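Below, each chain spelled out in residue letters.
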Amino acid sequence: MRPLDLIQKLPKAELHVHIEGTFEPELMFEIAQRNGVNIPFKNIEEVKQAYNFHNLQSFLDIYYAGANALIHEQDFYDLTWAYFEKCKADYVVHTEIFFDPQTHTARGIAFETVLKGILRACQDAEQKLEISSQLILCFLRHLSEEDAFKTLEQALPFKQHIAGIGLDSSELGHPPSKFERVFAQARAEGFLIVAHAGEEGPASYVWEALDLLKVNRIDHGVRSEEDDELLQRLIKERMPLTVCPLSNLKLCVVDDMKQHNIKRLLEKGICVTVNSDDPAYFGGYMNDNFIAITKALNLSNDDLKALAINSFEASFLPEAQKQYWIKLIQAE
Ligand code: ADE
Ligand code: ZN
């Protein structure tokens, strides 16, 4: 079988997707209209034209503007359900979804409204689409430590529905150390921990995420390659990196997909996984990411299987479920 044909046949887990980043322009217009919210675009074509980013911040400005259309619980449901339909099409059988409550609570939307809408879609996806999922609440790192503490407090009544706590938004100038204390509390509450590090920020941010936040996974982490001692540690600890190839290309972390380091990292023995990050903004969902790297880096069937196996190994699924999917992949 050709590698490009194998992609669709492999069960996959997605470990790095921001639900607000799955907001397709068509749905954004529909929801904005029914809520009477103004978005700074005349039509869908204009939205798509605005999706030319030169760095992370140029994307985030547009991403936060789009999220303003989301007001009611049903909006968060519709957004999340639309993402699950993409998962079904790409044979993503498990997903660990990031959500950014501060983007919404800062506009006066209740934490509960956001969580309930997303959660109801997760429950429906489990029943109707047989896709399992977990939720990861991310703190916005451009905001204060105090704001993160407040958000953690708001999450505690819903603890049973939230698997992990993460860290996202503008990386440069906001190192993981800024949030050391709030992550210590999150760990004490029993949450698993992830953090964006080494996307635009330096390898030192990855060290901080490991040593100060005590993460279970690193989100992105591609700049770890600049530090050999760090690479040795990631290999030794089998610390997963949730890599997002189309995101890296769109945000100019790499100039050309042929220069992407995911294959080199895989060959070095790092537990790299493939993910879509903000697929509505970056040109594709899970399989589009697999196709892009397979073409640019000439990935083999064994590479693709290793990446799919890594996605389950690095997931927060119970061990028995991990093994179920890994065996299926090995038999493919
Ligand atoms: N929020 C949404 N996508 C992000 C990314 N790629 N990096 C940091 N924060 C984000
Ligand atoms: Zn991300």
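Before reading on, note that the structure itself is shown above.
Presented here is an overview of the structure given in this document. Computed from a prediction, not measured in an experiment: that's the story for all the values here.

Calculation criteria
Residues numbered from 1 in each chain as written. Chains lettered and ligands numbered in written order. Predicted model: local features only at pLDDT ≥ 70, side-chain atom pairs only at ≥ 80, totals over all residues. Heavy atoms only, no water. Helix = DSSP H or I, 4+ residues; strand = E, 2+ residues; numbered from the N terminus. Rg over C-alpha atoms; globule rule 2.2 N^0.38 Å. Buried < 20%, exposed > 50% of the residue type's maximum accessible area, 1.4 Å probe, protein only. Contact = heavy atoms within 4.5 Å. Areas by Shrake-Rupley, 256 points an atom, 1.4 Å probe, with all protein chains shown as cover. Lys, Arg positive; Asp, Glu negative; His and termini not counted. Charge placed at Lys NZ, Arg CZ, Asp CG, Glu CD. Pairing = 2+ DSSP bridges. Axes fitted to C-alpha atoms, helices over the stretch in contact; angles between N-to-C directions. Near = heavy atom within 4 Å. Polar contact = N/O pair within 3.5 Å; in protein donor to acceptor, adjacent residues only side chain to side chain. Nonpolar A, V, L, I, M, F, W, Y, C, P; charged D, E, K, R; others polar. Disulfide = S-S within 2.5 Å. Donors = N, O, S within 2.8 Å, 3.2 Å for Na, K, Ca; no water.

A count of helical and extended segments in the chain gives 17 helices and eight strands. A compact globule built from 332 residues would reach a C-alpha radius of gyration of about 20 Å, and the chain, at 19 Å, matches this within 12%. Summarising its shape, the C-alpha atoms of the chain cover approximately 50 × 40 × 40 Å along the three principal directions. Classification of the 332 residues of the chain by burial places 59% in the buried group. Within the chain, residue pairs in contact and separated by at least 24 positions form 76% of the contacts whose partners lie at least 6 positions apart. Of the roughly 13100 Å² that the chain leaves accessible, carbon and sulfur atoms contribute 49%. Charge-centre separation for the chain: the mean point of 33 positive side chains lies 3 Å from the mean point of 50 negative side chains.

Strand pairing in a sheet is mediated by backbone hydrogen bonds. Such pairs are either parallel or antiparallel. Strands sit in the order β1-β2-β3-β4-β5-β6-β7-β8 across an open sheet of eight strands; the sheet is parallel. Here the strands that pair on one side only, and so sit at the sheet edges, are β1 (12–18) and β8 (272–274). Strand-to-strand twist in this sheet, taken as the mean axis angle between neighbours without regard to direction, amounts to 25 degrees. Sheet topology note: the strand β2 (residues 92–99)/strand β3 (residues 132–140) ladder contains six bridges and is parallel. The residue of β3 that forms the bridge with Phe-99 is Leu-137. On top of the sheet, helix α15 (residues 286–297) reaches β1, β2 and β8; it is set at about 105 degrees to β1, its chief contact.

Along helix α2 (residues 25–35), the residues that are buried comprise Pro-25, Leu-27, Met-28, Phe-29, Ile-31, Ala-32 and Asn-35. Where the residues of α2 are buried, they touch α3 (44–50), α4 (56–67), α5 (73–90) and α14 (279–282). One or two steps after α2, the chain reaches Gly-36, where phi turns positive at roughly 65 degrees.

The next thing to look at is the site of ligand 1. Looking at ligand 1, the residues that line it are His-18, Leu-56, Phe-59, Leu-60, Tyr-63, Asp-168, Ser-169, His-196, Glu-199, His-220, Asp-277 and Asp-278. Here a nitrogen atom of ligand 1 sits 3.3 Å away from a polar atom, N or O, in the side chain of His-18. Between ligand 1 and His-220 there is a distance of 3.4 Å, counted from a nitrogen atom to a side-chain nitrogen or oxygen. Alone, ligand 1 offers 260 Å² of accessible surface; in the complex the protein occludes 100% of this. Ranked by residue count, the leading element in the shell around ligand 1 is α4, at four residues. Of the residues belonging to the shell around ligand 1, the class tally is four nonpolar, four polar and four charged.

Moving on: the state of the cysteines. Per the counting criterion, the structure on display carries zero disulfides. Among the cysteines around Cys-87, which has no disulfide bond, Cys-122 carries the closest sulfur, lying 9.8 Å off. Owing to a relative accessible area of 2%, Cys-87 belongs among the buried residues under this scheme. Looking at Cys-122, the relative accessible area reads 6%, which means it is buried.

The coordination sphere of the zinc ion (ligand 2), as far as protein atoms go, consists of His-16 (NE2), His-18 (NE2), His-196 (NE2) and Asp-277 (OD), spread over 2.1 to 2.2 Å. In terms of primary sequence, the donors binding the zinc ion (ligand 2) are separated according to H-x1-H-x177-H-x80-D. Pair noted here: His-18 is in strand β1 and Asp-277 is in the loop between β8 and α14, with a separation of 259 residues, a long-range link. In terms of burial, His-18 and Asp-277 fall into one category: buried.

All quantities given are derived from atomic positions and should not be read as evidence of function.
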